[in-house]
Amino acid sequence: AGTHMTLHYLAHRDDAARAQVDPDDLWFMRTFVTSFLAWILYDLVHVVALFPRLGGVDTLLHHAGFGFVAALAYAPELYPLAASWLLISEVSSIPLNLRWYLINTGRGDTKAMRHTNLAFAATFFVARVLLYWVGVAHMALVSLPLLLAPPCSAEPWIAYAIVGCVAGGGLLNAFWFRKIVAMATGGSARKKTKPQ
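Residues numbered from 1 in each chain as written. Predicted model: local features only at pLDDT ≥ 70, side-chain atom pairs only at ≥ 80, totals over all residues. Heavy atoms only, no water.

### Comments concerning the nonpolar core
Reasoning step 1: Ranked by internal contacts, the top residues of the largest apolar core, which has 31 residues, are Tyr79, Trp85, Met139, Ile162 and Val166.
Reasoning step 2: Among the secondary structure elements, those contributing two or more residues to this core are α3 (26-49), α4 (57-74), α5 (80-88), α7 (111-148) and α8 (156-184).
Reasoning step 3: Here the element with the most residues in this core is α8; it accounts for 6 residues.
Reasoning step 4: Not counting the four nearest positions on each side in its chain, tyrosine 79 is found in contact with Arg18, Ala19, Met29, Met139, Ser143, Leu144, Leu147, Ala159, Ile162 and Val163.
Reasoning step 5: With 11 residues, the next largest nonpolar core counts Ala121, Leu172, Met183 and Ala184 among its residues. (Core = buried A, V, L, I, M, F, W, Y, C linked by side-chain atoms within 4.5 Å. Buried < 20%, exposed > 50% of the residue type's maximum accessible area, 1.4 Å probe, protein only. Helix = DSSP H or I, 4+ residues; strand = E, 2+ residues; numbered from the N terminus. Contact = heavy atoms within 4.5 Å.)

### Side note on the packing of α4 against α8
Reasoning step 1: One way to put it is that α4 packs onto α8 with a least axis distance of 10 Å and a crossing angle of 155 degrees. By the criterion of interaxial angle, the relationship of α4 to α8 is roughly antiparallel. Seen along the crossing, α4 lies across α8 with a hand that is left-handed. Seen from α4, the contacting residues are Asp58, Thr59, His62, Phe66, Phe68, Val69, Leu72 and Ala73; seen from α8, they are Trp157, Ile158, Ala161, Ile162, Cys165, Val166, Gly169, Leu172, Phe175 and Trp176.
Reasoning step 2: In terms of residue class, the contact of α4 with α8 is made up of 14 nonpolar, 3 polar and 1 charged. (Axes fitted to C-alpha atoms, helices over the stretch in contact; angles between N-to-C directions. Parallel < 35°, antiparallel > 145°, perpendicular 65-115°, else oblique. Left-handed = near helix turned anticlockwise from the far one by under 90°. Nonpolar A, V, L, I, M, F, W, Y, C, P; charged D, E, K, R; others polar.)

### Let's talk about the packing of aromatic side chains
Reasoning step 1: Under the defined criterion, the tally for this structure stands at 7 aromatic pairs.
Reasoning step 2: Between phenylalanine 124 and phenylalanine 177, the aromatic rings sit 6.2 Å apart at their centres with planes inclined by 10 degrees, giving stacked as the arrangement. Taken together, the residues phenylalanine 124 in helix α7 and phenylalanine 177 in helix α8 connect sequence positions 53 residues apart. The same class applies to phenylalanine 124 and to phenylalanine 177, which are both buried. (Phe/Tyr/Trp six-rings, centres within 6.5 Å; stacked < 30°, edge-to-face > 60°.)

### Some points on unusual backbone geometry
Reasoning step 1: For the peptide bond that leads from phenylalanine 51 to proline 52, omega is 0 degrees, which places it in the cis range.
Reasoning step 2: Geometrically, the link from proline 150 to proline 151 is a cis peptide bond, its omega value of 5 degrees lying close to zero.
Reasoning step 3: Along the chain, proline 151 falls in the loop between α7 and α8.
Reasoning step 4: Backbone geometry at tyrosine 79 places phi at a positive 55 degrees, although glycine is not the residue there.
Reasoning step 5: Summarising the element assignment, tyrosine 79 is placed in the loop between α4 and α5.
Reasoning step 6: Residue tyrosine 79 is classed as buried on the basis of its relative accessible area, which comes to 3%.
Reasoning step 7: For serine 153, which is not glycine, the phi dihedral falls at a positive 45 degrees.
Reasoning step 8: Inspection of the secondary structure assignment puts serine 153 in the loop between α7 and α8.
Reasoning step 9: Judged by its relative accessible area of 44%, serine 153 is partly exposed.

### Some remarks on a nonpolar patch on the surface
Reasoning step 1: A contiguous nonpolar surface patch, about 310 Å² in accessible area, is contributed by Phe51, Val57 and Leu61.
Reasoning step 2: Under the relative-accessibility criterion, phenylalanine 51 is labelled partly exposed at 40%. (Patch = residues over 30% accessible without salt bridge, like charges linked within 9 Å, V, L, I, M, F, W, Y side chains within 5 Å. Areas by Shrake-Rupley, 256 points an atom, 1.4 Å probe, with all protein chains shown as cover. Salt bridge = Lys/Arg side-chain N within 4 Å of Asp/Glu carboxyl O.)

### Considering the packing of helix α6 (residues 93-104) against α7
Reasoning step 1: One way to put it is that α6 packs onto α7 with a least axis distance of 8 Å and a crossing angle of 155 degrees. Between α6 and α7, the interaxial angle falls into the category roughly antiparallel. The interaxial crossing formed by α6 with α7 has left-handed handedness. Between α6 and α7, the contacting residues are Ser93, Pro95, Leu96, Leu98, Arg99, Leu102 and Ile103 on the first element and Ala112, Met113, Thr116, Asn117, Ala119, Phe120, Thr123 and Arg128 on the second.
Reasoning step 2: Counted by class, the contact of α6 with α7 contains 9 nonpolar, 4 polar and 2 charged residues.

### Details of the environment of alanine 174
Reasoning step 1: Counting through the fold element by element, alanine 174 comes out in helix α8.
Reasoning step 2: Overall, the relative accessible area of 37% leaves alanine 174 in the partly exposed class.
Reasoning step 3: Sequence separation between alanine 174 and valine 129 is 45 residues, and the spatial gap between their C-alpha atoms is 6.9 Å.

In structure tokens form, the structure reads like this:
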């Protein structure tokens, strides 16, 4: 769904429609943002229930922050393109969850684990570093000025808060990526940190 929506906004919409939802796409955006919010809240409950086995305070802040961003963008229908690539970035959760499964079934020192670690590092880098920061740049340099100007005239504090929170998430991703690279290139296979 995230890939479909991203391609939809890249191919068929102008910058204004990528900044604020086109009324013709309102149902799509609301369904999409609701799905993203549901995923974040589901994972947050999982992390809290198993705290600190799946992650520390940084993981809790990540989930709470993105839940806040999704809720904040929902009513004024802001940043539909950003909502789509944020959900695409969750693709790195697939090898992450497989890694967690291998660790908890006693397969932390296997060939499958080494391949999973490399897949996790690669998908994290592409989705949560490269794609993510291209998206942050687009939000800040293209979408934000359009939202602040007429006819959008979005509430400045909301528009800035969303960009700030998403950029903060990008810094957290960079912090996590350093740990992921260390793990993928020979760090402990039994480490149970689960950045989401």
